[in-house]
Amino acid sequence: MQIPLLCLGILLAGSLSVNLDYSPKELKFSDRTIYADTAEPGAMGKAYHYFYLKCKLPLNRYELKLLKKLDWMPEYSIEVHGNKLIITNKSGKGKLIYLI
């Protein structure tokens, strides 16, 4: 009885997998690392993107310093030019430039 239920659970888990587009992302630009996370509370709340600068600490640790909290975008791209963090909404609704 347990083996058929286990197989059914494995089959359903594969077909109902989590959307990995919203998982946290780390992007490395020369000497800086930008950490992007999406907080999506569900139907009752509003989703946001959080952009952090990942700063190294002693003993192989790190600290995340919040750069910007933005409203949710379906698709975006991140670029760093000098001290400017450029976040572009791929649906064409604008571009944000933030100094880091």
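Because the structure is predicted, anything quoted here is derived from the model rather than measured.

If you tally the helices and strands in the protein chain, you get one helix and seven strands. Going residue by residue from the N terminus, the α and β elements of the protein chain occur as α-β-β-β-β-β-β-β. The burial tally for the protein chain puts 23% of its 100 residues in the buried class. Looking at the protein chain alone, contacts between residues at least 24 apart form 24% of all its contacts between residues at least 6 apart. Carbon together with sulfur atoms contributes 58% to the accessible area of the protein chain, which is approximately 7700 Å² in total.

In this approach the atoms are scanned with a rolling probe the size of a water molecule, which exposes any empty space left behind. By volume, the largest pocket is sized at about 250 Å³. In terms of lining, the largest pocket is formed by 14 residues, of which the most central are Lys28, Thr33, Lys54, Cys55 and Lys56. Here the element with the most residues in the lining of the largest pocket is strand S3 (residues 48-57); it accounts for five residues. For the lining of the largest pocket, the residue count by class is four nonpolar, three polar and seven charged.

Attention shifts here to the pattern of salt bridges. Inspection of every chain in the model, using the stated rule, returns two salt bridges. The shortest N-O distance in the salt bridge between glutamate 26 and lysine 54 comes to 2.9 Å. Pair noted here: glutamate 26 is in strand S1 (residues 25-29) and lysine 54 is in strand S3, with a separation of 28 residues, a long-range link. Residue class for lysine 54 comes out partly exposed when judged on its relative accessible area of 24%. Among the salt bridges present, the one from aspartate 71 reaches lysine 46, with a minimum N-O distance of 3.5 Å.

This part takes up the environment of glutamate 26. For glutamate 26, a relative accessible area of 38% corresponds to the partly exposed category. In the structure, glutamate 26 is positioned 11 residues away from aspartate 37 in sequence and 8.9 Å away in space, judged by C-alpha atoms. Not counting residues within four places of it along the chain, the set of residues in contact with glutamate 26 comprises Thr33, Ile34, Tyr35 and Lys54. Of the polar contacts made by the side chain of glutamate 26, one reaches the side chain of lysine 54; its length is 2.9 Å.

Here we come to the pairing of strand S5 (residues 76-81). Going residue by residue along S5, you find Tyr76, Ile78 and Val80 tucked away on one face and Ser77, Glu79 and His81 left uncovered on the opposite face. As paired elements, S5 and strand S6 (residues 84-89) share six bridges and run antiparallel to each other. By the bridge assignment for S6, serine 77 is matched with threonine 88.

Parameters at a glance
- Residues numbered from 1 in each chain as written.
- Predicted model: local features only at pLDDT ≥ 70, side-chain atom pairs only at ≥ 80, totals over all residues.
- Heavy atoms only, no water.
- Helix = DSSP H or I, 4+ residues; strand = E, 2+ residues; numbered from the N terminus.
- Buried < 20%, exposed > 50% of the residue type's maximum accessible area, 1.4 Å probe, protein only.
- Contact = heavy atoms within 4.5 Å.
- Areas by Shrake-Rupley, 256 points an atom, 1.4 Å probe, with all protein chains shown as cover.
- 1 Å grid on protein atoms, 1.4 Å probe; cavity = no way out; pocket = protein on both sides within 12 Å on 5 of 7 lines; lining within 4 Å.
- Points joined across faces, edges and corners; volume = space filled by probe spheres on them.
- Nonpolar A, V, L, I, M, F, W, Y, C, P; charged D, E, K, R; others polar.
- Salt bridge = Lys/Arg side-chain N within 4 Å of Asp/Glu carboxyl O.
- Polar contact = N/O pair within 3.5 Å; in protein donor to acceptor, adjacent residues only side chain to side chain.
- Pairing = 2+ DSSP bridges.

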